[in-house]
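Coordinate analysis (summary)
Given next are the chains, with one letter for each unit.
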Amino acid sequence: MSKIIIGRYIPGDSIIYKMDPRGKIIATFLFIVIIFLANNWLSYLFLSIFTLLAVWATKLKPKVFWDGVKPLIWLILFTSVLQLFFTTGGKIYWHWGILNISEYGIQNSIFIFIRFVMIILISTVLTLTTTSLEIADGMEWILKPLGYLKVPVAQIALVMSIALRFVPILLDQAVRIMNAQRARGADFNSGGLIKRIHSIIPILIPLFIGSLTIAIDLATAMEARGYREGAKRTRYRVLKWSKYDWINLGYFTLLTLILLLTRTY
Amino acid sequence: MSIKFKNVDYVYAPGTPFQTQGLSNISFEIKDGSFVAIAGHTGSGKSTLMQHFDGLLLPSKGSITIANQTITVDTPNKVLKEIRKKVGLVFQFPENQLFEETVLKDVMFGSLNFGFSEEKAKEQAIRWIEKVGLPEETMSKSPFELSGGQMRRVAIAGVMAYEPDILCLDEPAAGLDPEGQKQIFDIFKNYQKLGHTVILISHNMDDISKYADDMLVLEQGHMIKHASPKEVFSDADWVKKHYLDEPAPSKLARSLQKVGFHFSSMPLTVESLVEEISKELRAKGGN
């Protein structure tokens, strides 16, 4: 269950935790854009240093970050290896049919590897230090301009936060139903494909009915407490922009400038 | 079939920041054919303990002996399935586990999984649907057409149908009306009389004192008492200290004691309370 990216929040109180989710989301997007500025060893070095400093600033154990990278490691290696064999240019060290290992190939594959890992690390910093509700609130603020195009941003945000809120509840319920069926002798881990698909039915149907019940109850409870579609609402969790968020944005602006200065044109 | 726990520890999510100790150093033995209650507050580890009886959770440390099988941290799945055939577990709000098209099919689900023949499973299902007090015509209905209380009975029948030697119940009567509660507990008590072991998790001290003959009290993952309900509730200070409730008849008896009544032993049930009071009144002058 710990492999699910959404809601992998780990409580903590380092400086990253004090930052506003809006700033963190913007910084993460900015990072994914500026990472493409890096194109030589020096710029990649700065990129890595800045990323690792951000990782260090969370004060979380390195293992939780490794857990974020681990599920994707084969995809990353596969992409790097493709780069290694199919990029030409510079000195050629080895050659066989369309495959070759060249100077640029080695360099590119290492760059791609770093780029992937850094993107995963930065987004892991975001998801580990920000609760899913904070992310939903932050996204709502960022999407606000779409409201002028008649996009129902508030409703979308509400749907998003309700959905996120129910991920752990539904997981919990799924575990409970699985246990109840296992107690009745159901076996989910043996037999062929057809048998396994068949064995999911006793979990899926109660889970489905359970979610419908929850949804109906929730809608009733919300209306009972005065929720009306389209009505203006105040917020319970108010997002506050603080000095930490200027540090956050300043940090990534500095990185952008360094990358612009060190990259080769 | 006796149950034996030996120094059982259970740790939730070990090695993560969410690691918590579910059970610590639990040891006890439950006698064959007894009616055992497990009491304790929310979060005291009752449900965690219950899932160990059925091999749904395996002890992180220590060992459990059930039905001549030993469960440790690395017991294979095959052995667990054999244990599950002998240990029926009714979860809290078991109506959430119903899924079949008809009540009959749902009640047969467990029996079929445990290798009973189609006819045998059907025969058992029909018998238990009747025993839990459902009208015959519900059998062909969808379980989702029924009322909450009826769904609960279907779920309970679905576990009792394969007649496990040990029946574990997690708050089976929560949310039922008083009449329904009494009916359902009588079914469990009768099941014990047929020679089976019944284990009951309950917050309701009245139910515990009325039906159980052995009692485990848990507090924050530790077992702090293992005695008969009579012994547990005779020590009112201890009960109070651990924030448990006294059974209603004992409470009334205690206030009567303050105004001069004498009780040879603290009554736990309404019947014994009535008996004690009439004995006392007769002694006072026969009117």
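Residues numbered from 1 in each chain as written. Chains lettered and ligands numbered in written order. Predicted model: local features only at pLDDT ≥ 70, side-chain atom pairs only at ≥ 80, totals over all residues. Heavy atoms only, no water.

Examining the pattern of salt bridges
It is possible for side chains bearing opposite charge to pair when their charged atoms get close. Residue and element names in this part refer to chain B. Inclusion rule: Here, a salt bridge means any side-chain nitrogen of Lys or Arg that lies within 4 Å of a carboxyl oxygen of Asp or Glu. Helix and strand definitions here come from DSSP, where helices need a minimum of 4 consecutive H or I residues and strands a minimum of 2 consecutive E residues; each element is numbered from the N-terminal end. Relative accessibility under 20% of the residue-type maximum defines a buried residue, over 50% an exposed one, and the middle range a partly exposed one, all with a 1.4 Å probe and only protein chains included.
Across all of its chains, the model carries 17 salt bridges over all chains by this definition. A salt bridge links Arg 152 to Glu 95; the shortest N-O distance between them is 2.8 Å. Here the residue Arg 152 occupies a position in helix α5 (residues 148–160), and Glu 95 occupies one in the loop between β6 (87–90) and α3 (103–113), the gap between them amounting to 57 residues. With a relative accessible area of 3%, Arg 152 lands in the buried category. A residue is classified by how much of its surface remains accessible, and Glu 95, at 15% relative accessible area, is buried. Salt-bridge contacts for Arg 254 lead to Glu 246; the nearest nitrogen and oxygen are separated by 2.7 Å.

Side note on helix α1 (residues 46–53) of chain B
Count 3.6 residues to each turn of an α-helix, and residues three or four apart come out pointing the same way. Residue and element names in this part refer to chain B. Among the 8 residues of α1, 7 are classified as buried, and the element is accordingly described as predominantly covered. Three or more residues of α1 are buried, namely Lys 46, Thr 48, Leu 49, Met 50, Gln 51, His 52 and Phe 53. Just beyond α1, the residue with positive phi is Gly 55, at close to 70 degrees.

So, the nonpolar core
To keep it simple, the criterion reads: To define a nonpolar core, start from buried Ala, Val, Leu, Ile, Met, Phe, Trp, Tyr and Cys residues and group those joined through side-chain atoms within 4.5 Å. Contact between two residues is taken to exist if any of their heavy atoms lie within 4.5 Å; hydrogens are not considered.
Among the nonpolar cores identified, the biggest contains 51 residues, and B:Val107, B:Met160, B:Leu167, B:Phe188 and B:Met215 are the most heavily contacted of them. No other element matches the 7 residues that α5(B) contributes to this core. The residues contacting B:Phe188, other than those within four sequence positions of it, are B:Phe35, B:Ile156, B:Met160, B:Leu167, B:Leu169, B:Pro172 and B:Val198. The next biggest cluster of nonpolar side chains, apart from the first, holds 35 residues, and it includes A:Ala27, A:Ala38, A:Ile76 and A:Ile122.

Topic: a nonpolar patch on the surface
Residues and elements named next belong to chain A. As a reminder of what qualifies: The patches described consist of residues with a relative accessible area above 30% and no salt bridge, like charges being joined within 9 Å and nonpolar side chains (Val, Leu, Ile, Met, Phe, Trp, Tyr) within 5 Å. We get accessible surface area from the Shrake-Rupley algorithm with a probe of 1.4 Å; when it comes to residues, only the shown protein chains can shield them.
A contiguous nonpolar surface patch, about 680 Å² in accessible area, is contributed by Trp 41, Tyr 93, Trp 94, Trp 96, Ile 106 and Ile 110. Secondary-structure elements contributing two or more residues to the nonpolar patch are β1 (92–96) and α5 (103–129). In terms of residue count, the dominant contributor to the nonpolar patch is β1 (3 residues). Judged by its relative accessible area of 33%, Ile 110 falls in the partly exposed class.

Describing the interface of chain A and chain B
Reports of interface size often rely on the accessible area that becomes lost once the parts have come together. Here is the rule we go by: A 1.4 Å probe defines the accessible area here, and the buried area is the portion of it lost by two parts on being joined, summed over both. Definition of a polar contact: a pair of N or O atoms within 3.5 Å, with one able to donate and the other able to accept a hydrogen when the atoms are protein atoms, and with sequence-neighbouring residues admitted only if both atoms are side-chain atoms. Side-chain classes are defined by residue name, with Ala, Val, Leu, Ile, Met, Phe, Trp, Tyr, Cys and Pro counting as nonpolar, Asp, Glu, Lys and Arg as charged, and the others, Gly among them, as polar.
With 20 residues of chain A at the contact, the number on the chain B side is 23 residues. Summed over both sides, the interface between chain A and chain B buries roughly 1,800 Å², with carbon and sulfur atoms accounting for 60% of that surface. Summed over the shared surface of chain A and chain B, the number is 1 salt bridge. Among the salt bridges present, the one from B:Asp106 reaches A:Arg184, with a minimum N-O distance of 3.0 Å. Connecting chain A to chain B are 7 residue pairs in polar contact (both at pLDDT 80 or more). Put simply, the parts of the chain that give the side of chain A that touches chain B at least two residues each are α7 (153–183) and α8 (193–224) of chain A. The element best represented in the side of chain A that touches chain B is α7(A), accounting for 7 residues. Among the residues making up the side of chain A that touches chain B, the classes are represented as 12 nonpolar, 4 polar and 4 charged.

Let's talk about the pairing of strand β2 (residues 99–102) of chain A
Residues and elements named next belong to chain A. What counts here: Any two strands are treated as partners once DSSP identifies two or more bridges connecting them.
Alternating residues of β2 divide into Asn 100 and Ser 102, all buried, and Leu 99 and Ile 101, none buried. One ladder, built from 4 bridges, connects β1 with β2; its direction is antiparallel. The residue bridging Trp 94 from the neighbouring strand is Ile 101, located in β2. Hairpin connection, β1 to β2: the antiparallel pair is bridged by 2 residues, and Gly 97 has positive phi, about 55 degrees.

Topic: the packing of aromatic side chains
Test applied: Stacked, edge-to-face and tilted labels apply to pairs of Phe, Tyr and Trp rings (six-membered ring for Trp) whose centres lie within 6.5 Å, assigned for plane angles under 30 degrees, over 60, and everything in between, in that order. Here, over-ring charges are defined by two tests on the NZ atom of lysine or the CZ atom of arginine: distance to the ring centre within 6 Å, and angle to the ring normal within 35 degrees.
The tally for this structure, following the rule as stated, stands at 18 aromatic pairs over all chains. Taken together, a centroid distance of 4.8 Å and an interplanar angle of 85 degrees make the contact between B:Phe99 and B:Phe109 edge-to-face. With a gap of 10 residues between them, B:Phe99 in the loop between β6 and α3 and B:Phe109 in helix α3 connect regions that are remote in the sequence. Chaining the aromatic ring pairs together yields one cluster made of A:Phe31, A:Phe50, A:Tyr251 and A:Phe252. A cation over an aromatic ring shows up here: A:Arg22 above the ring of A:Trp141, its NZ or CZ 4.9 Å from the ring centre. Over the ring of B:Trp238 we find B:Lys225; its NZ or CZ atom is 4.5 Å from the centre of that ring.

Brief notes about the side chain of B:Gln97
Examined against the element boundaries, B:Gln97 turns out to sit in the loop between β6 and α3. Discounting chain neighbours no more than four positions away, the residues touching B:Gln97 are A:Ala180, A:Gln181, A:Arg184, A:Pro206, B:Ala155 and B:Val159.

Focus: the side chain of A:Lys24
All names here are of chain A. Inspection of the secondary structure puts Lys 24 in helix α1 (residues 21–34). A polar atom in the side chain of Lys 24 sits 3.0 Å from the backbone oxygen of Ile 16. In this structure, Lys 24 is in contact with Ile 16, Tyr 17, Met 19, Leu 126, Thr 129, Thr 130 and Asn 248, ignoring residues within four places of it in sequence.

Some thoughts on the environment of B:Val270
Among the secondary structure elements, B:Val270 is positioned in helix α11 (residues 270–285). Put simply, B:Val270 and B:Phe28 are 242 residues apart on the chain and 30 Å apart in space, counted from C-alpha to C-alpha.

Here we look at the environment of B:Thr70
Residue and element names in this part refer to chain B. Assignment of secondary structure puts Thr 70 in strand β5 (residues 69–71). Residue Thr 70 is classed as partly exposed on the basis of its relative accessible area of 44%. In the structure, Thr 70 is positioned 67 residues away from Ile 3 in sequence and 9.9 Å away in space, judged by C-alpha atoms. Contact partners of Thr 70, with chain neighbours within four places excluded, come to Ser 63, Ile 64, Thr 65 and Thr 75.

A few points about the sheet that holds β5(B)
Residues and elements named next belong to chain B. Applicable threshold: Where helices are involved, their axes are fitted lines through C-alpha atoms of the stretch in contact, as for all axes, and angles between N-to-C directions lie from 0 to 180°.
Pairing within the open sheet is antiparallel, and its 4 strands lie in the order β2-β1-β4-β5. Whereas interior strands pair on both sides, the edge strands pair on one side only; in this sheet they are β2 (20–30) and β5. The sheet shows a mean angle of 25 degrees between the axes of neighbouring strands, taken without regard to direction. Sitting on the sheet, α1 is in contact with β1 (3–12), β2, β4 (61–66) and β5, with an inclination near 125 degrees to β1. Against the sheet, helix α2 (residues 77–86) makes contact with β4 and β5, and its axis sits at roughly 115 degrees relative to β5, the strand it touches most.

Observations concerning the environment of B:Arg282
Residues and elements named next belong to chain B. Within the secondary structure, Arg 282 sits in helix α11. Overall, the relative accessible area of 56% leaves Arg 282 in the exposed class. Considering only alpha carbons, one finds Arg 282 and Ala 173, 109 residues apart in sequence, at a separation of 37 Å.

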